[in-house]
Structure formats: structure tokens, C-alpha cells
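This is what each chain is made of:
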Amino acid sequence: MKNSILAGITVAALSVAVPLTTLADGGNQLMQNQTHWYQKAALKVAPADITTKKGSVLNLQAGSYLYLEGDSTLHKYQMNANSLKGSAEITAADPKEALEKGKVGAMSLVVPVADLKSRESGLDDNAHKALLADKNPEIKFVLDKASLKGKTLTAKGQLTIAGATVPITLTPEVTVKDGVVELKGDQPLKMSDYKVMPPSISLLVTSIKCTDDITIHYDVKFATAK
């Protein structure tokens, strides 16, 4: 009798743990592909609210993606941004010239928290709760100043998560082609810097706890508004 009860608990635990493991590694089949599920482009892109003066406005383009990756006591996990908002203002005719000469008047990139999705609803619910999505529905980066050297952009600004705003410096690789500005990079963060409690999932026989460190991976494209 005791053995059958333990077996039942083990099966129940595995029924939750296996989807989380699949979430972490994307499955063996996806591991063979160049693009993982969490690198998919946002299903919806839209302009962000920025204060413009007299420059040209660049808006976020289809094909942009952003996802966060973290670790836990079970395995790594990822959450993809199903929607993104972004806009920038440049005060030079050519986007590359604007970046090289620091003529970026404003820039904002916004991630709606509710549209951050993994492959496990329990993780999504706990992550949204930890990010205080009900009171702070957006993660937002606002640029203070930017300068381009070679292919690396140094973008200093303010990142707001769960209502807490912290200065941050992003250093994406920049590609400018046919008027499209592509910014690609990785940014390590600590949830505790934004007073966010790392989410956890309680199982019948154990609990899965996420670590404090996460990394934001992004590949976003901006072009002149039409």
C-alpha cells in the first residue's frame, strides 16, 4: 500500500516536472534546429509612446524578438515576448549617421508582461505574479543617450521592471541596411535589483525555485515610420 502511494506521488510530480524540462531544453527535436521556439518573432509589434521634437521616427518592425532566460533548481527556462512596442527618434537623415554622432533624440522599447509566455502555464502565472503584472503591466527601457563605435552601440538608459527603475547600459551589435536598424544583444540582470522575488513552483514532493540571475536576449529592428 505504501509503495503504491509513493508511486502515485512520483507520477504526479513527474507529470509537472516533465513539461518544465521540455520548456527548458526545447525538446530534442528543436535542439536540432537553428532557431528555438523561444526565439520566435513577436506576434504583434507596435509603436511606443515617445516625445518627439523635429526628427524622423523609427518604429519597431516585424521579425523582432525578445526572450528572457533563467535557471532553476530543475533546469533552465525561457519566456518569449509575444508582443513588443518600440519607437525611436533620430535627428539626422541617415540612421547610421544618427547613431555615430549621437543624434538619437528618444527611444523606448516596451514588453507587455502578460504576453511573456513560456510553455508551462504554471510558470507563466508565477512569473507574472512575481513581476506584479496587475499593477505594472509593462517592462520598459527608455534611452538617455547612445553612441556607436564600430558595430557596438553603447545605449545608456533606464529599465523599469515591476515598478522599479534602475539605470542600465546596453551594448548591442548594430547592423544598418536599407534603412533598417537592427540591434542584437544579451543583457544579464538580477531580479533582486528590481525587488522581484524569483518565482517558484511547488510540487507534491519538492519545489522548483528560480535563481536570481536572468538574461534578456533581444534582436529588434527599427525603420522609418510609413
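Per chain, residues are indexed from 1 in the order of the written sequence. Given that this is a predicted model, residues contribute local features only at a pLDDT of at least 70 and side-chain atom pairs are listed and counted only at 80 or more, while totals for whole chains, interfaces and linings are drawn from all residues. Each side-chain value is derived from all of the structure's non-hydrogen atoms; neither hydrogens nor water enter the calculation.

Draft legend 1. Geometry of the overall build of the chain. Every helix listed is a DSSP run of H or I at least four residues long, and every strand listed is a run of E at least two residues long, numbered separately from the N terminus. The helix and strand inventory of the chain stands at four helices and 14 strands. Only protein chains enter the accessibility calculation, which uses a 1.4 Å probe. A residue is then buried if its area is under 20% of the maximum for its type, exposed if over 50%, and partly exposed in between. Across the 226 residues in the chain, those meeting the buried criterion constitute 44%. Computed with the Shrake-Rupley method and a 1.4 Å probe, the accessible areas treat only the protein chains shown as cover for residues. Of the roughly 12400 Å² that the chain leaves accessible, carbon and sulfur atoms contribute 53%.

Draft legend 2. The arrangement of the side chain of Asp 124 in detail. Residue placement: Asp 124 occurs in helix H4 (residues 121–130). Charge counting follows a simple rule: Lys and Arg are positive, Asp and Glu are negative, and His as well as the terminal groups are ignored. A carboxyl oxygen of Asp or Glu within 4 Å of a side-chain nitrogen of Lys or Arg is what we treat as a salt bridge. No salt bridge is formed by the buried Asp 124; the nearest opposite charge belongs to Lys 117, separated by 4.8 Å. Contacts of Asp 124, omitting those with residues within four sequence positions, involve Met 79, Leu 116, Lys 117 and Ser 118. Residue contacts are defined here by distance: any two heavy atoms, one from each residue, within 4.5 Å place the two residues in contact.

Draft legend 3. Representation of the confidence of the model for the chain within the structure. As a per-residue measure, pLDDT reflects the predictor's confidence and takes values from 0 up to 100. Mean pLDDT over the chain stands at 85; residues scoring 70 or higher make up 83%. Considering only residues more than four positions removed or in separate chains, one finds that residues 1–33, a stretch of pLDDT under 50, has 34 contacts.

Draft legend 4. Summary view of empty space enclosed by the protein. Every definition here rests on a 1 Å grid over the protein atoms only: cavities are sets of points where a 1.4 Å probe fits but cannot get out, pockets are open sets enclosed by protein on both sides within 12 Å along at least five of seven lines, and lining residues have some atom within 4 Å of a point. Grid points are joined across faces, edges and corners, and a volume is the space filled by probe spheres set on the points. Under the definition given, this model contains two cavities of 30 Å³ or more. Lining of the largest cavity is provided by 42 residues; of these, Leu 66, Leu 109, Phe 141, Leu 170 and Ile 216 occupy positions nearest its centre. Any residue outside Ala, Val, Leu, Ile, Met, Phe, Trp, Tyr, Cys, Pro, Asp, Glu, Lys and Arg is labelled polar, Gly included; the first ten of those are nonpolar and the last four are charged. When its residues are assigned to classes, the lining of the largest cavity shows 40 nonpolar, one polar and one charged.

Draft legend 5. Looking closely at the pairing of strand E4 (residues 77–81). Most of E4 is tucked away: five of the five residues are buried. With burial as the criterion, each face of E4 is covered, one bearing Tyr 77, Met 79 and Ala 81 and the other bearing Gln 78 and Asn 80. The pairing of strand E3 (residues 65–72) with E4 spans four bridges and is antiparallel. Its bridge partner lying in E4, Glu 69 is registered against Gln 78. The criterion for strand pairing is that DSSP finds at least two bridges linking the strands in question. Looking at chain direction, E4 and strand E7 (residues 116–117) are connected through two bridges and run antiparallel. Among the inter-strand pairings, Ala 81 is bridged to a residue of E7, identified as Leu 116.

Draft legend 6. Representation of the pairing of strand E11 (residues 173–177) in the model. Across five bridges, the pairing between E11 and strand E12 (residues 180–190) is antiparallel. Bridge assignment links Lys 177 to a residue of E12, and that residue is Val 180. Linking E11 back to E12 in an antiparallel pair, the connection comprises two residues, with Asp 178 at a positive phi of about 55°.

Draft legend 7. Summary view of unusual backbone geometry. One non-glycine residue, Leu 132, adopts positive backbone phi at about 55°. Locating Leu 132 in the fold gives a position in the loop between H4 and strand E8 (138–149). A positive phi angle, close to 55°, is found at Asp 178, a residue other than glycine. With respect to the helices and strands, Asp 178 occurs in the loop between E11 and E12. Asp 178 gets classed as exposed once you look at its relative accessible area, which sits at 74%.

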